[in-house]
Amino acid sequence: MSERRGELIVLSGPSGAGKSTVIAELLSARRDIHFSVSFTTRQPRTGEADGVNYNFVSREEFERMIAADELLEYAEYVGNYYGTSLKVIRDKLDQGVDVLLDIEVQGAAKVKERCPEAVLIFLIPPSIEELSRRLHRRNTDPEETIQRRLEKAREECRESVHYDYLVVNDAVVTAAGEILSILEAERCRTPKRLHLTQSIVGTA
Ligand code: 5GP
């Protein structure tokens, strides 16, 4: 077990806020961060690979995982299950590795409940019009799904008040840069650094 426990970083934001792009930028700057690959019952989109973007499983398998208590959190989102493996996250954090979760708001609330020290970051698009443009440009979902996702986006953005940080994704490099700064600041929090003061102030 490592001396420093890894940071648990949760990134949420409506579909189309650009989370995947920001995450790719972030991971290229911080290669030591482990990105948690979630389990889902939704169908893979074009270009998505099993074990890379998600672990794609059947509803039956997902419900088995819930019953066996194998998930740190899970939620049902637009008709599909999404969840995070408890064991993978626990092992990485124990090894001192920082872990990044890309999860929706109900899941994030459960993580905060179980791990109050987790850092919750909410990513928003610059406007609802821009979000709609991005979802249409992506061209992966039928119009009805896009409309459901836009409605869902409004609901989700209301939950952003429960997050520690809010980042606007107008430009990917700027958004990723702000998240890197947040992580840097989190590492400097006094409770995580008290051991550094010992040689100066003594232990008595
Ligand atoms: P999408 O279908 O667009 O890939 O993802 C839909 C939503 O599910 C996104 O907001 C994404 O953050 C969320 N999501 C992905 N993995 C998980 C997970 O493991 N748990 C939860 N609660 N949400 C997830």
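The preceding data block contains the structure.
About the criteria used
Residues numbered from 1 in each chain as written. Predicted model: local features only at pLDDT ≥ 70, side-chain atom pairs only at ≥ 80, totals over all residues. Heavy atoms only, no water. Near = heavy atom within 4 Å. Polar contact = N/O pair within 3.5 Å; in protein donor to acceptor, adjacent residues only side chain to side chain. Areas by Shrake-Rupley, 256 points an atom, 1.4 Å probe, with all protein chains shown as cover. 1 Å grid on protein atoms, 1.4 Å probe; cavity = no way out; pocket = protein on both sides within 12 Å on 5 of 7 lines; lining within 4 Å. Sits in = over half its atoms within 2 Å of the grid points. Pairing = 2+ DSSP bridges. Helix = DSSP H or I, 4+ residues; strand = E, 2+ residues; numbered from the N terminus. Contact = heavy atoms within 4.5 Å. Axes fitted to C-alpha atoms, helices over the stretch in contact; angles between N-to-C directions. Points joined across faces, edges and corners; volume = space filled by probe spheres on them. Nonpolar A, V, L, I, M, F, W, Y, C, P; charged D, E, K, R; others polar.

1. Considering the site of the ligand
Close to the ligand lie 18 residues; Arg-42, Tyr-54, Tyr-82, Asp-102 and Glu-104 are nearest. Within the side chain of Tyr-54, one N or O atom sits 2.6 Å away from an oxygen atom of the ligand. Surface burial for the ligand is 96%, taken as the share of its 510 Å² of free accessible area covered by protein chains. The pocket occupied by the ligand, as judged from atoms lying within 2 Å of grid points, is the largest pocket.

2. Quick look at the sheet that holds strand S1 (residues 8-12)
With parallel pairing, the five strands of this open sheet are ordered in space as S2-S7-S1-S8-S9. Edge positions in the sheet fall to strand S2 (34-35) and strand S9 (165-168), since each of these pairs with one other strand and no more. The sheet contact formed by strand S8 (residues 119-124) and S9 spans four bridges and is parallel. Counterpart to Ile-124 in the pairing with S9 is Val-168. Along the sheet, helix H4 (residues 105-114) makes contact with S1, strand S7 (99-102) and S8, crossing S1 at roughly 160°. Packed on one face of the sheet, helix H7 (residues 172-187) meets S1, S8 and S9 and runs near 160° to S9.

3. Considerations on empty space enclosed by the protein
Enumeration according to the criterion identifies one cavity of 30 Å³ or more in this entry. Of the pockets and cavities examined, the largest cavity occupies roughly 40 Å³. Around the largest cavity, the lining residues are Glu-7, Ile-9, Arg-30, Asp-98, Leu-183, Glu-186 and Arg-187. No other element matches H7, which puts three residues into the lining of the largest cavity. Across the lining of the largest cavity, the residue classes break down as two nonpolar, no polar and five charged.

4. Looking at the sheet that holds strand S5 (residues 71-77)
Across the sheet, four strands lie side by side as S4-S3-S6-S5; this open sheet has mixed pairing. Looking at which strands have only one partner, the edges of the open sheet turn out to be strand S4 (55-56) and S5. Inspection of the sheet shows strand S3 (residues 39-40) paired to strand S6 (residues 80-85) by two bridges, in the antiparallel sense. Opposite Thr-40, over in S6, you have Tyr-82 as the bridge partner. Helix H3 (residues 86-94) contacts S5 and S6 of the sheet and is inclined by roughly 30° relative to S6.

5. Let's talk about the layout of surface pockets
If you add up the space inside the largest pocket, you get close to 990 Å³. The set of elements that each furnish at least two residues to the lining of the largest pocket consists of helix H1 (19-29), S5, S6, helix H5 (128-138) and helix H6 (143-158). Ranked by residue count, the leading element in the lining of the largest pocket is H1, at six residues. Partitioning the lining of the largest pocket into residue classes produces 14 nonpolar, 14 polar and 12 charged. In this structure, the second largest pocket encloses a volume near 340 Å³. The wall of the second largest pocket is formed by 13 residues, among which Glu-3, Arg-4, Arg-5, Glu-7 and Lys-192 lie closest to the centre. If one sorts the elements of the lining of the second largest pocket by residue count, helix H8 (residues 190-201) sits on top with four residues. Per-class residue counts for the lining of the second largest pocket are three nonpolar, two polar and eight charged.

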